[in-house]
Amino acid sequence: MVLLLVIVGFISYYVYKSITPPPPIPLPENVSEISPRIKLNDGRHLAYKELGFPKDKAKNKIIIVHGNGNSKDVDLYITQEMIDEFKIYFLFFDRAGYGESDPNPTRTLKTDTYDIEELADKLQVGPKFHVIGMSLGAYPVYGCLKYIPNRLSGASLVVPLVNFWWSRVPQNLLNAAMKKLPIGFQLTLRVAHYSPWLLYWWMTQKWFPNSRNPKDTMTERDLELAEKHTKHSYIKESALRQGGYVTTQQDIIAGYGNWEFDPTELKNPFSDSNKGSVHMWCALEDKQISRDVLHYICDKLPWIKLHEVPDGGHYIIHEKRHFEAIIKAACSD
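Calculation criteria
Residues numbered from 1 in each chain as written. Predicted model: local features only at pLDDT ≥ 70, side-chain atom pairs only at ≥ 80, totals over all residues. Heavy atoms only, no water. Helix = DSSP H or I, 4+ residues; strand = E, 2+ residues; numbered from the N terminus. Expected span 1.5 Å × (residues − 1). Buried < 20%, exposed > 50% of the residue type's maximum accessible area, 1.4 Å probe, protein only. Contact = heavy atoms within 4.5 Å. Salt bridge = Lys/Arg side-chain N within 4 Å of Asp/Glu carboxyl O. Pairing = 2+ DSSP bridges. Polar contact = N/O pair within 3.5 Å; in protein donor to acceptor, adjacent residues only side chain to side chain. Axes fitted to C-alpha atoms, helices over the stretch in contact; angles between N-to-C directions.

Undergrad: How do you make sense of helix 4 (residues 109-122) when you look at a structure like this?
TA: For an α-helix, the turn length of 3.6 residues means that residues three or four places apart are oriented alike. When the terminal C-alpha atoms of helix 4 are compared, their 20 Å separation across 14 residues agrees well with the 20 Å that a helix rising 1.5 Å per residue should span. Within two residues after helix 4, Gln124 carries a phi angle of roughly 55°, on the positive side.

Undergrad: I would appreciate a short explanation of the environment of Ile326 in the present structure.
TA: By the secondary structure assignment, Ile326 is in helix 14 (residues 320-330). What makes Ile326 buried here is its relative accessible area of 0%. Separated by 170 residues in the primary sequence, Ile326 and Ser156 place their C-alpha atoms 7.8 Å from one another. For Ile326, the residues in contact, after removing those within four places along its chain, are Ile132, Val158, Trp281 and Ile317.

Undergrad: Could you clarify how one ought to interpret the pattern of salt bridges in this entry?
TA: In the structure shown here, the tally under the stated rule is 21 salt bridges. With its nearest N and O atoms 3.5 Å apart, the salt bridge here joins Arg291 to Glu308. With a gap of 17 residues between them, Arg291 in helix 13 (residues 291-300) and Glu308 in strand 8 (residues 304-309) connect regions that are remote in the sequence. A relative accessible area of 40% means that Arg291 is categorised as partly exposed. Under the relative-accessibility criterion, Glu308 is labelled partly exposed at 33%.

Undergrad: What am I meant to see in the pairing of strand 3 (residues 60-65) here?
TA: A regular strand places its side chains on the two faces of the sheet in alternate fashion. Taking burial as the measure, the six residues of strand 3 include six buried ones, the bulk of the element. Across the two faces of strand 3 the burial is the same, with Asn60, Ile62 and Ile64 and Lys61, Ile63 and Val65 all buried. Taken together, the five bridges between strand 3 and strand 4 (residues 88-93) define a ladder with parallel strand orientation. Bridge pairing in strand 4 links Asn60 to Ile88. Both strand 3 and strand 5 (residues 129-134) contribute to a ladder of four bridges, which runs parallel. Across the sheet, residue Val65 finds its bridge partner in strand 5, namely Gly133.

Undergrad: In this structure, what is going on with the environment of Glu50? I would like to understand it.
TA: With respect to the secondary-structure elements, Glu50 resides in strand 2 (residues 45-52). Note: C-alpha distance between Glu50 and Lys72 (22 residues apart in sequence) is 9.6 Å. If we ignore the near neighbours within four places in the chain, the residues touching Glu50 are Lys55, Tyr89, Phe90, Leu91 and Leu123. Among the polar contacts listed, one links the side chain of Glu50 to the side chain of Lys55, at a separation of 2.9 Å. Of note is the side chain of Glu50, whose polar atom sits 2.7 Å from the side chain of Tyr89.

Undergrad: Could you clarify how one ought to interpret the sheet that holds strand 3 in this entry?
TA: Strand pairing in a sheet relies on backbone hydrogen bonds, with the paired strands running either antiparallel or parallel. Read from one edge to the other, the open sheet built from eight strands follows the order 1-2-4-3-5-6-7-8, with strand pairing classed as mixed. At either end of the open sheet lies a strand with only one pairing partner, and these are strand 1 (37-39) and strand 8. For this sheet, the mean angle separating the axes of adjacent strands, direction not counted, is 25°. Direction of pairing for strand 5 relative to strand 6 (residues 152-158): parallel, over a ladder of six bridges.

Read these as layout, nothing more, since geometry by itself doesn't imply function.
So this is what it looks like as structure tokens:
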């Protein structure tokens, strides 16, 4: 009996340790010297970076929401010519847990949305701003359209994620989109959705496939751009300095969890003579994001302007000409 209790105790301890995420890696004491930060009402801090025209003189105020595994230092083709032509003020920030921003143990789509609003208020950006979100980082943009539409002068969803558990998108479209992904990626998303408390174990275990070969989900051009970004490895190291769980894994949980709304239920924030527009950027060679699902959303919401990029993959925002087109559309309302 004693031996049995010891064995059960050992197994229980092993299981507990396997499924319990480690605490975030502490930020250095001089973190405020590394990056400016603002303090939120709940006591957390968000790190940010400003670029371009002064806020009080800018014609266009754009908040960039980085994607999974990235940060406020995301590599984009911003030029002085672009800034001058459109009189742009850019605001970049590290989402909760990324870079020099404090983690949020209860991070959700809604909390990420209100982080954006509070950041804008603390920095006195003004009553209206345009949000641009890329890939998995587009879910807070959906949140802005749902929860703070009155704060938007516009929004851009660039190759935005598809949540395979949206309630009003036809299940056959979602199933077809899911099946195009590598099996390891599919399993990871299912674990994140159905058993988020198991995701840390799933991402660290070695028994089952939980990742994907980049060649299976990226075009040749995507791979070239990815290789280029790896030359700036310090950016990714800085982005994930607090650990994988509070960054990329919580991202997956928030993005692929149960949303309080379906995208097709969104209301046009600019229907009552409010100036502004919403843009959806769909890359036709994207191996990760389903064109059919994005088309369905835009068909249901005709006030979203759909832009198709015939020769583009998942990394279109990192292409100079495509990024310029995204910014031009955002600033032309």
